[in-house]
Amino acid sequence: MEVNNTVSDLVLFGALGDLAQRKLWPALYQLQRAELLAAESRILALAREAMAPETFATQLAERLAEEVNPSELDDGVVQRLLAKVEYQALDFTEAEGYTALKRWREQRPVPLIVYMATQPTIYGLIGEGLHQAQCVGSDTRVVIEKPIGHDLASSREINDQLAHYFDESQIFRIDHYLGKETVQNLIALRFANNLFASQWNQNHISHVEITVAEEVGIEGRWGYFDEAGQMRDMVQNHLLQLLCLIAMDPPADLSADSIRDEKVKVLKALRAITPDMMDTHLVRGQYGAGTANGRPVPGYLEEEGAAGGSRTETFVALKAEIENWRWAGVPFYMRTGKRLPKKLSEIVIHFKAAPHYIFAPDQKHLANNKLMIRLQPDEGISLLVSTKDQGLDKGMRLRQGPLHLNFSEAFDASRIPDAYERLLWEIMKGNQYLFVRRDEVELAWRWVDRVIESWEESGEAPKRYAAGTWGPAASIAMITRDGWSWHEEDG
Ligand code: BG6
């Protein structure tokens, strides 16, 4: 069992914001519950709003009561967490606030974690404020969230600003998908099982599917989302990170740089999607009215706060190709969208059939093994294998069934930790392997920018799909044209 022997203080900028409320405070609560927060660690919560410390404490306790599963809510734990927390109003743009922060720091010189749960546009400002107030030391860690820019140029600007005050080894860029239990399991599955490791290439794998589907729509975030779209909001980060973990070569060890060096090689080998590939490699969609959870829901353009005429995509399907020895000729089909039939994040690895097939010709479709890695919900791994059907009358008829590993059942785990719990825990330990390095972010933008340029050049509007369906028909056509189908259509 892991214990936290290192005392560090956490300063949380944006302590009243959406991310802090929905994810960070509940994660800190769970870390406290698991006794992973060192007894002497302190948390300084910062936001613009002037508020009495008691009011903040009451509001935080109420919020935890809403966010935390009732069976895991324990007042004793809440009180122990609150005892570590102090609230201060701070205007990020004014030097005064940082001076107060410095006084707080000086009470006890332990390593500092600075979590910027704010707009990326002010990361630089906060860095400067901290630096000028001499709050930054070589043991300071800074945590930032996506979106890191809107394109390569703006992401460079943000990264440059941070680099002015912090060394790369101090910067923890969060992609919360890397904190998901099954995503880490992908590393274990690939590199701790030679059975898979030896098959993991174009000799044995025909194609790969990555699906990150959401049932929700825009959920009151129309303004932000319309600027970004699904390509920038999901593909640039989460989907490309998943692709890297599936496609990378075995790292020499588990150190952050060994893993990230391998991911970078994959990003460098991604084939650019150019205008002439628009019909075969890319589908963009935007949802119209339809249903979710059996109820009628409005289309993207009718959502609260929507401005008419938007051509922002809420769905993307892509065929990515990796130009190296391991993956030549193996398409990686990726799709992600809002208002799809259900929340589902899944990777499906399709293995090639044996070179010669000896069973009934009408069962040839059972010749391929599939490895399904389910990120959410029902985290687990299934390997579809063919066996003989049972019974005297069946002869050598085959059937395909799963070898199934459900994580909750297998490990008797009553709960799977949320990604933010894992990520905060790794930050406290100073381990960067689940965080994104600058070159990864920038290479991902370089590729995504090229895709966006290509579709802008084409002038095509996104295709309509009804809410509650698997996206535009063109997404099905894209994969069918190559002789495959999306996994859920296989029945
Ligand atoms: C975020 C995106 O990064 O990930 C959201 O900005 C999206 O648009 C969310 O809804 C999905 O995360 P999860 O963990 O619910 O799959």
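Rules of the game
- Residues numbered from 1 in each chain as written.
- Predicted model: local features only at pLDDT ≥ 70, side-chain atom pairs only at ≥ 80, totals over all residues.
- Heavy atoms only, no water.
- Helix = DSSP H or I, 4+ residues; strand = E, 2+ residues; numbered from the N terminus.
- Buried < 20%, exposed > 50% of the residue type's maximum accessible area, 1.4 Å probe, protein only.
- Polar contact = N/O pair within 3.5 Å; in protein donor to acceptor, adjacent residues only side chain to side chain.
- Contact = heavy atoms within 4.5 Å.
- Salt bridge = Lys/Arg side-chain N within 4 Å of Asp/Glu carboxyl O.
- Phe/Tyr/Trp six-rings, centres within 6.5 Å; stacked < 30°, edge-to-face > 60°.
- Lys NZ or Arg CZ within 6 Å of the ring centre and 35° of its normal.

Novice: How should the side chain of serine 454 be read in this particular structure?
Specialist: With respect to the helices and strands, serine 454 occurs in helix H14 (residues 438-458). Note on serine 454: relative accessible area 0%, which makes it buried. Side-chain polar atoms of serine 454 contact the backbone oxygen of arginine 450, separated by 2.9 Å. If near-sequence neighbours (up to four positions away) are discounted, serine 454 is found in contact with Ile273, Thr274, Pro275 and Met278.

Novice: Honestly, the pattern of salt bridges in this entry has me stumped. Any pointers?
Specialist: Two side chains of opposite charge can pair, provided their charged atoms sit close to one another. Within the structure shown, the criterion is met by 34 salt bridges. Glutamate 426 is the salt-bridge partner of arginine 422, the closest N and O atoms lying 3.1 Å from each other. Highlighted residues: arginine 422 and glutamate 426, both in helix H13 (residues 419-429), separated by 4 residues, approximately one helical turn. Linking glutamate 460 and lysine 463 is a salt bridge whose minimum nitrogen-to-oxygen distance equals 3.0 Å. Judged by its relative accessible area of 36%, lysine 463 falls in the partly exposed class. Overlapping salt bridges bring together Lys146, Glu214, Arg221, Asp233 and Lys338 as one network.

Novice: Explain the packing of aromatic side chains here, please?
Specialist: Aromatic ring pairs are defined here through the distance separating the ring centres and the angle between the ring planes. This model, assessed by the stated rule, comprises 14 aromatic pairs. An angle of 20° between the planes, with centres 4.7 Å apart, marks the rings of phenylalanine 56 and tyrosine 87 as stacked. On the criterion of sequence distance, the pair formed by phenylalanine 56 in helix H2 (residues 53-67) and tyrosine 87 in strand S3 (residues 85-89) is long-range, its members being 31 residues apart. Accessibility classification places phenylalanine 56 together with tyrosine 87 in one group, the buried group. One aromatic cluster is present, built from ring pairs that chain together Trp222, Phe225, Tyr287, Tyr300, Phe315 and Tyr465. Residue placement shows arginine 42 over the ring face of tryptophan 104; its charged tip is 4.0 Å from the ring centre. If you follow lysine 180 out to its NZ or CZ, it ends over the ring of tyrosine 177, 4.6 Å from the centre.

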